[in-house]
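Survey of secondary and tertiary structure
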Amino acid sequence: MRISVIGCGYLGAVHASAMAELGHEVVGIDVDERKIAALRAGRPPFFEPGLPEVLSSATASGRLRFSTDIADAAGAEVHFLAVGTPQTTGGTSADLRYVDAAFDGLLPHLAEGSLIVGKSTVPVGTATRLAARLAEQAPYAALAWNPEFLREGFAVKDTLEPDRLVYGVADEHAASVLDHVYRAAIEAGTPRIVTDYATAELVKVAANAFLATKISFINAMSEIADATGADVTALADAIGHDARIGRRFLNAGVGFGGGCLPKDIRAFTARAEELGRGDSLAFLKEVDAINLRQRQRVVDLAVGVLGGSVFRKKVAVLGVTFKPESDDVRDSPALDVAVHLKGLGAEVVATDPEGVENARMRHPQLDYTTSAREALAGADLVVLVTEWREYRALDPVETGRLVAERRIIDGRNVLDVDAWRAAGWQVRGLGRP
């Protein structure tokens, strides 16, 4: 099929490349000229494993091209909206300016039978509002909502081999068009849920709210474990064997971040209040508060380990991205910890395999290096806050030869504590004795 993807950020660039890899003829459109120039040259404007290969393959095939002119969407049968919905400045609701602008920009270029497909995460009710505008201004076209469920670090796989497909549609024709778009996944047995607009919109935010709640729950348990001497990791293992609970996302640590979970649960809460159902999601405010409190707990641990003050102490911060296999530092707990320690007078040296340049643009006051050895050299304290494989695999004996003092805070509870203590390290985690 002929497809346009409006918005070539993280979601759009991956989606456009994957759709072309599946055999569709795709044009990706974005107003950012530098981003489009990079994509045309086969260079993703962000780090995502597997994307360079798919992007290169798709562009070489001639099935994928990029443009800054939305008029180039004309002729496409399906138009995916993949623009961002950031948190509003000074508020918690979702900013829909980019969604509305992309929608309005598409209207003059729609043809008989065109299908607009929303992939952006939006407040429930957005699709119904846009469908009404479409009925007035382009009644020969249709709207569907098809939420994305991408995990950074696995986005290409999640697009090519999704674990489920959700269609929010007003009629069966829109569903049949999407079936054609996702034929390969459907033939591979991917579950397909066809529903209404509101349910499709809620699926994404409900999933994110549930995951955020599960993470904050185990982090709340880590606070209780610290107060009682219990081991939160053993606790998670024990309750995770209950099939009703499961072990995934029960890893206590510095908490979640990134461009989705934090802003999505806040926007979900704001939307519930607009609907007069704020009490139904009031618990998400505490989920958010627990998550943010974890960052301060790591900072407090650092102060305690260093005898009450971090002033003029060299602290090596391992990781600045919100998760491994990503260069995303949006709302990153790791970067937040580094900034707080710097504010307390520590000589912070932050390192990360992929996120240093993005972090430097946001917080140039920190010292950065891509070399873990350089960050560790002469450190009075090591703080592991992003669980990159290379940090999890550090040898405690060899690492001990680099630092000034063998003190480490495991902000992700991923280290073999016994091995590190046997090598002479003072090890502190969250909810672990």
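Residues numbered from 1 in each chain as written. Predicted model: local features only at pLDDT ≥ 70, side-chain atom pairs only at ≥ 80, totals over all residues. Heavy atoms only, no water.

Describing unusual backbone geometry
At R312, a residue that is not glycine, the phi angle is positive and equals roughly 60 degrees. Tracing the chain through its elements places R312 in the loop between α12 (283–305) and β9 (314–318). You can call R312 exposed: its relative accessible area is 62%. (Helix = DSSP H or I, 4+ residues; strand = E, 2+ residues; numbered from the N terminus. Buried < 20%, exposed > 50% of the residue type's maximum accessible area, 1.4 Å probe, protein only.)

Focus: the pairing of strand β2 (residues 25–29)
For β2, the buried fraction is high: four of the five residues fall into the buried class. Looking at chain direction, strand β1 (residues 2–6) and β2 are connected through five bridges and run parallel. Note on β2: the bridge partner recorded for I3 is V26. Bridge count between β2 and strand β3 (residues 64–67): four bridges; the pairing is parallel. Paired with V27 across the two strands is R65, which belongs to β3. (Pairing = 2+ DSSP bridges.)

A few points about the side chain of E148
Summarising the element assignment, E148 is placed in the loop between β6 (142–145) and α6 (155–160). At 2.8 Å, the side chain of E148 and the backbone nitrogen of L150 are in polar contact. Separated by 2.7 Å, the side chains of E148 and K204 make a polar contact. When residues no more than four places from it in sequence are discounted, the contact partners of E148 are L11, K119, T121 and K204. (Polar contact = N/O pair within 3.5 Å; in protein donor to acceptor, adjacent residues only side chain to side chain. Contact = heavy atoms within 4.5 Å.)

Re the packing of helix α4 (residues 97–106) against helix α5 (residues 126–137)
Where α4 meets α5, the axes come as close as 12 Å, and the angle between the chain directions of the two elements is 20 degrees. In terms of orientation, α4 lies roughly parallel with respect to α5. Between α4 and α5 the crossing geometry is right-handed. Note on element contacts: α5 touches α4 through R129, L130, R133 and L134, opposite V99, D100, F103 and D104. For the contact of α4 with α5, a count of residues per class yields four nonpolar, no polar and four charged. (Axes fitted to C-alpha atoms, helices over the stretch in contact; angles between N-to-C directions. Parallel < 35°, antiparallel > 145°, perpendicular 65-115°, else oblique. Left-handed = near helix turned anticlockwise from the far one by under 90°. Nonpolar A, V, L, I, M, F, W, Y, C, P; charged D, E, K, R; others polar.)

Examining empty space enclosed by the protein
Summed over all chains, the structure comprises two cavities of 30 Å³ or more. Approximately 100 Å³ is the volume attributed to the largest cavity. Along the walls of the largest cavity sit T85, A94, T121, V122, P123, V124, V205, K263, D264, A267, F268 and R271, which together make up its complete lining. Tallying contributions element by element places helix α11 (residues 261–274) first for the lining of the largest cavity, with five residues. Taken together, the residues of the lining of the largest cavity break down into seven nonpolar, two polar and three charged. Its volume calculated, the second largest cavity comes out at about 40 Å³. (1 Å grid on protein atoms, 1.4 Å probe; cavity = no way out; pocket = protein on both sides within 12 Å on 5 of 7 lines; lining within 4 Å. Points joined across faces, edges and corners; volume = space filled by probe spheres on them.)

Quick notes on the pattern of salt bridges
Using the criterion set out here, one finds 29 salt bridges in the structure. Close ionic contact of R192 with D179 constitutes a salt bridge, the shortest N to O distance being 2.6 Å. Here R192 is found in strand β8 (residues 192–195), whereas its partner D179 is found in helix α7 (residues 172–181), with 13 residues between them in sequence. Residue E274 pairs with R271 through a salt bridge whose shortest N-O separation is 3.0 Å. One end of the pair is E274 and the other is R271, both in helix α11 and three residues apart, which spans about a single turn. We classify R271 as partly exposed; its relative accessible area is 21%. Shared partners join several salt bridges into a network, and the residues in it are R266, D288, R295, D331 and D336. (Salt bridge = Lys/Arg side-chain N within 4 Å of Asp/Glu carboxyl O.)

What to know about the environment of L202
Here L202 lies in helix α9 (residues 197–228). In this structure L202 comes out as partly exposed when scored by relative accessible area, which is 32%. It is 35 Å that separates the C-alpha atoms of L202 and D410, two residues lying 208 residues apart in sequence. Setting aside anything within four residues of it in sequence, one finds L202 in contact with V124, A207 and F268.

Looking at the sheet that holds strand β11 (residues 367–369)
Pairing is parallel across the open sheet formed by six strands, whose spatial order is β11-β10-β9-β12-β13-β14. Two strands lie at the open edges of the sheet, namely β11 and β14 (426–429), each paired on one side alone. In this sheet, adjacent strand axes meet at a mean angle of 20 degrees when their direction is disregarded. Pairing between strand β10 (residues 347–351) and β11: three bridges, direction parallel. Each bridged residue has a counterpart across the sheet, and for A350 the counterpart in β11 is Y368. Sheet strands touched by helix α13 (residues 333–343): β9, β10, β11 and β12 (381–384). Its angle to β9, the strand with the most contacts, is close to 170 degrees.

Topic: the environment of Y368
Its place among the elements puts Y368 in strand β11. Ignoring anything within four residues of it in the chain, the contact list for Y368 reads V320, L335, A350, V356, A359, R360 and H363. Here the side chain of Y368 touches A359 through a polar contact of 3.2 Å, landing on its backbone oxygen. One polar contact links the side chain of Y368 to the main-chain carbonyl oxygen of H363, over a distance of 2.8 Å.

Overview of the nonpolar core
Core analysis: the biggest nonpolar cluster contains 39 residues, and I3, V26, L64, F80, L178 and Y182 have the highest contact counts within it. Every residue in contact with V26, bar those within four places of it in the chain, is listed here: I3, V5, A16, M19, A20, R63, L64 and R65. With 30 residues, the next largest nonpolar core counts V299, V320, Y368 and V385 among its residues. (Core = buried A, V, L, I, M, F, W, Y, C linked by side-chain atoms within 4.5 Å.)

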